[in-house]
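Topology and contacts: notes
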Amino acid sequence: MGESVLGVTQLLPEATATSSETSVHAVTGTLRQWICGGKWAIGQRLPAERELSTRLKVDRSAVRKALAQLTDEGLVRRTSPRMRIVSNAPQRRSWLISNAVTIISPPPDVQYDGHLLTGWSEYVAQGAFAAARQRNWNVLAIPPQQLDEQAIEHLVAERPKGVILPEVHGDRGVVRNLIRAADDHALPLVVYEQGDLSDCDSVASDHYAGAHALTNWLIARGRRRILPVFERREPQPWSARRIAGYRAAMTEAGLQPLDVATLPPIPETHGQKKDFDDAAHMMAGYLVTWLTCTKPIDALMVVSDRPAYFASAAVRLFGLTPHQDVSIVGYDNYWQDCINEQKFETAGPQATVDKQNVQVGQALIELLEQRLNGSTHDQPQRRVVAPRLIECI
């Protein structure tokens, strides 16, 4: 992430300046005057941001924000990511939306059956809603399933104060489209880190620290052959950071890190014993080499809390006792909500990591606030929230 500092006092067409709100306001006024005065004809392409920043002697970000304001006013229209033209078709904006923060989430009063602990992903949005209310901000909630291309087009055209994107499941192409559209319109956007989103402001839980702490917890209890178990999905930055945290803790303790065991995604069992047994047998099949070799594992770090119950059942199939012969830990801190799995297996994770989802949501709003008041750098910012280790039993 790069850093650049802005600062300005006053700007005229040929004046020297450094930056901030005064600069943006002055640039907007200058460009508006040039357009209304006929410097460029309707339909004519505007000079590039870099050329305008050089001509006006201001930071490029001030030009981008000024052009975004003129786009809102209808004087400028973007025809491609790098091209803007003079337009005489101003759009009317909704005062309610333009003075609200948009959170891509169902409304905060939506209830999820069985989701009592904050390890569930929707608590990121809950934290963001709460932080916005504390600031007396107007909030517009848009359910992720309604976020199609047309909705994105309308959203950026109305230009809310900013957009918060908590964890969104489903079509990641839509997420990328929203990020791209927000960048094109200089619309402040902060996302909960998912995938490669290094090109925008983001907040993440510290997965490296979480896995490092969990590994040390096992080591402190005498475990030496600790096997990470992940589901075979599209690689994500969080999984790489967890693996790095595990390997670092093992190396620091003078132990040999093991290769990660990857399993197919475990389907929902819906409280059916046959489905639970099938999942346990599948996991046992992937663990057989590790549990029957000359130097068997003595601990499992499964990717999340729910698979910990299948791991315990799988360990029993080898005549071993969960937590006594093989320690099992989870991640995410929702183990007490795994009611369907607890019908058939009493041994859940011994420990887990709470990602602090509510605090992550609050940090999303805090970073957006810093972006809005100009107290952060121009380059995309990344904030990390410290997790918390939880002993379950």
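All figures in this text were calculated on a predicted structure; none of them were measured in a lab.

**Details of the overall build of the protein**
Across its full length, the protein carries 13 helices and 14 strands. Counting contacts in the protein only where the partners sit at least 6 residues apart, residues at least 24 apart contribute 73% of the total. In the structure as shown, the protein presents an accessible area of about 18800 Å², 50% of it carried by carbon and sulfur atoms.

**Things to note about the packing of aromatic side chains**
Taken as a whole and judged by the stated rule, the model has five aromatic pairs. With centroids separated by 4.5 Å and ring planes inclined at 40°, the aromatic side chains of Trp120 and Tyr334 adopt a geometry described as tilted. Taken together, the positions of Trp120 in the loop between strand 3 (100-103) and helix 5 (122-134) and Tyr334 in the loop between strand 11 (327-329) and helix 12 (339-342) put the pair 214 residues apart, joining distant regions of the chain. For the pair formed by Trp120 and Tyr334, the shared burial category is buried. When the centroid spacing of 4.9 Å and the interplanar angle of 35° are considered together, the rings of Phe276 and Phe310 count as tilted.

**What to know about the sheet that holds strand 6 (residues 189-192)**
The strands making up a sheet associate through hydrogen bonds between their backbones, and the pairing can be parallel or antiparallel. Taken in spatial order, the six strands of this open sheet run 4-3-5-6-7-13, and their pairing is parallel. Of all the strands in the sheet, just strand 4 (138-141) and strand 13 (382-385) have a single pairing partner and so form its edges. Averaged over all neighbouring strand pairs, the angle between strand axes comes to 20°, with direction disregarded. Taken together, the three bridges between strand 3 and strand 5 (residues 162-165) define a ladder with parallel strand orientation. The partner of Thr102 across the bridge, within strand 5, is Val163. Relative to strand 4, helix 5 is tilted by about 155°, and along the sheet it contacts strand 3, strand 4, strand 5 and strand 6. On top of the sheet, helix 13 (residues 357-372) reaches strand 3, strand 5, strand 6, strand 7 (201-205) and strand 13; it is set at about 160° to strand 7, its chief contact.

**Details of the nonpolar core**
Counting residues in hydrophobic clusters, the biggest one holds 45 residues, and the most contacted among them are Ile226, Leu227, Val229, Met283 and Leu300. Non-local contacts of Met283, meaning those with residues more than four positions away in its chain, are made with Leu263, Ile266, Pro307, Phe310, Ala311 and Ala314. Of all hydrophobic cores here, the second largest spans 20 residues; its members include Ile164, Tyr192, Leu364 and Val385.

**Re the side chain of Ser105**
Looking at the element boundaries, Ser105 is found in the loop between strand 3 and helix 5. The exposure class assigned to Ser105 is buried, which follows from its relative accessible area of 8%. Apart from residues no more than four positions distant in its own chain, Ser105 is found in contact with Ala125, Phe129, Ala141, Ile142, Pro143 and Pro144.

**Some details on the environment of Leu116**
Among the secondary structure elements, Leu116 is positioned in the loop between strand 3 and helix 5. Each C-alpha atom, one on Leu116 and one on Tyr334, is 7.8 Å from the other, the two residues being 218 residues apart in sequence. Sequence-distant contacts of Leu116, defined by excluding residues within four places in its chain, comprise Tyr123 and Asp337.

**Focus on helix 7 (residues 172-184)**
Here helix 7 spans 18 Å end to end across 13 residues, near enough to the 18 Å set by a 1.5 Å rise per residue. For helix 7, the complete set of buried residues consists of Val174, Val175, Leu178, Ile179, Ala181, Ala182 and Asp184. Elements in contact with the buried residues of helix 7: strand 1 (76-80), strand 2 (83-86), helix 6 (149-158), strand 5 and strand 6.

**Details of the packing of helix 10 (residues 273-292) against helix 11 (residues 305-316)**
Working note: a packed helix pair is described by the angle between its axes plus the distance between those axes. Between helix 10 and helix 11, whose axes approach to 8 Å, the crossing angle comes to 70°. Between helix 10 and helix 11, the angle falls in the class roughly perpendicular. Along its contact with helix 10, which presents Phe276, Ala279, Ala280, Met283 and Ala284, the element helix 11 presents Pro307, Tyr309, Phe310, Ala311, Ala313 and Ala314. Considering only residue class, the contact of helix 10 with helix 11 consists of eleven nonpolar, no polar and no charged.

**Considerations on the sheet that holds strand 11**
Spatial ordering of the open sheet is given by 9-8-10-11, a layout of four strands whose pairing is parallel. Only two strands of the sheet have a single partner each, and these edge strands are strand 9 (261-263) and strand 11. For this sheet, the mean inter-axis angle between neighbouring strands, taken without regard to orientation, is 25°. Pairing of strand 8 (residues 226-231) with strand 9, which is carried by three bridges, proceeds in the parallel orientation. Each bridged residue has a counterpart across the sheet, and for Glu231 the counterpart in strand 9 is Leu263. Where helix 9 (residues 237-252) meets the sheet, its contacts fall on strand 8 and strand 10 (299-302), and the angle it forms with strand 8 comes to roughly 175°. Packed on one face of the sheet, helix 11 meets strand 8, strand 10 and strand 11 and runs near 150° to strand 10.

**Here we look at the pattern of salt bridges**
What the rule picks out here adds up to 17 salt bridges. A salt bridge links Glu268 to Arg306; the shortest N-O distance between them is 3.8 Å. Of the two residues, Glu268 is situated in the loop between strand 9 and helix 10 and Arg306 in helix 11; the sequence distance between them amounts to 38 residues. We classify Arg306 as buried; its relative accessible area is 11%. Between Arg388 and Asp354 there is a salt bridge, and its shortest N-O distance comes to 3.6 Å. Note that Arg388 is positioned in strand 14 (residues 388-391) and Asp354 in strand 12 (residues 351-354), a separation of 34 residues in sequence. Since its relative accessible area comes to 3%, Asp354 is described here as buried. Linked by salt bridges that have partners in common, Glu49, Arg60, Arg64 and Arg84 make up one network.

What counts and how
- Residues numbered from 1 in each chain as written.
- Predicted model: local features only at pLDDT ≥ 70, side-chain atom pairs only at ≥ 80, totals over all residues.
- Heavy atoms only, no water.
- Helix = DSSP H or I, 4+ residues; strand = E, 2+ residues; numbered from the N terminus.
- Contact = heavy atoms within 4.5 Å.
- Areas by Shrake-Rupley, 256 points an atom, 1.4 Å probe, with all protein chains shown as cover.
- Phe/Tyr/Trp six-rings, centres within 6.5 Å; stacked < 30°, edge-to-face > 60°.
- Buried < 20%, exposed > 50% of the residue type's maximum accessible area, 1.4 Å probe, protein only.
- Pairing = 2+ DSSP bridges.
- Axes fitted to C-alpha atoms, helices over the stretch in contact; angles between N-to-C directions.
- Core = buried A, V, L, I, M, F, W, Y, C linked by side-chain atoms within 4.5 Å.
- Expected span 1.5 Å × (residues − 1).
- Parallel < 35°, antiparallel > 145°, perpendicular 65-115°, else oblique.
- Nonpolar A, V, L, I, M, F, W, Y, C, P; charged D, E, K, R; others polar.
- Salt bridge = Lys/Arg side-chain N within 4 Å of Asp/Glu carboxyl O.

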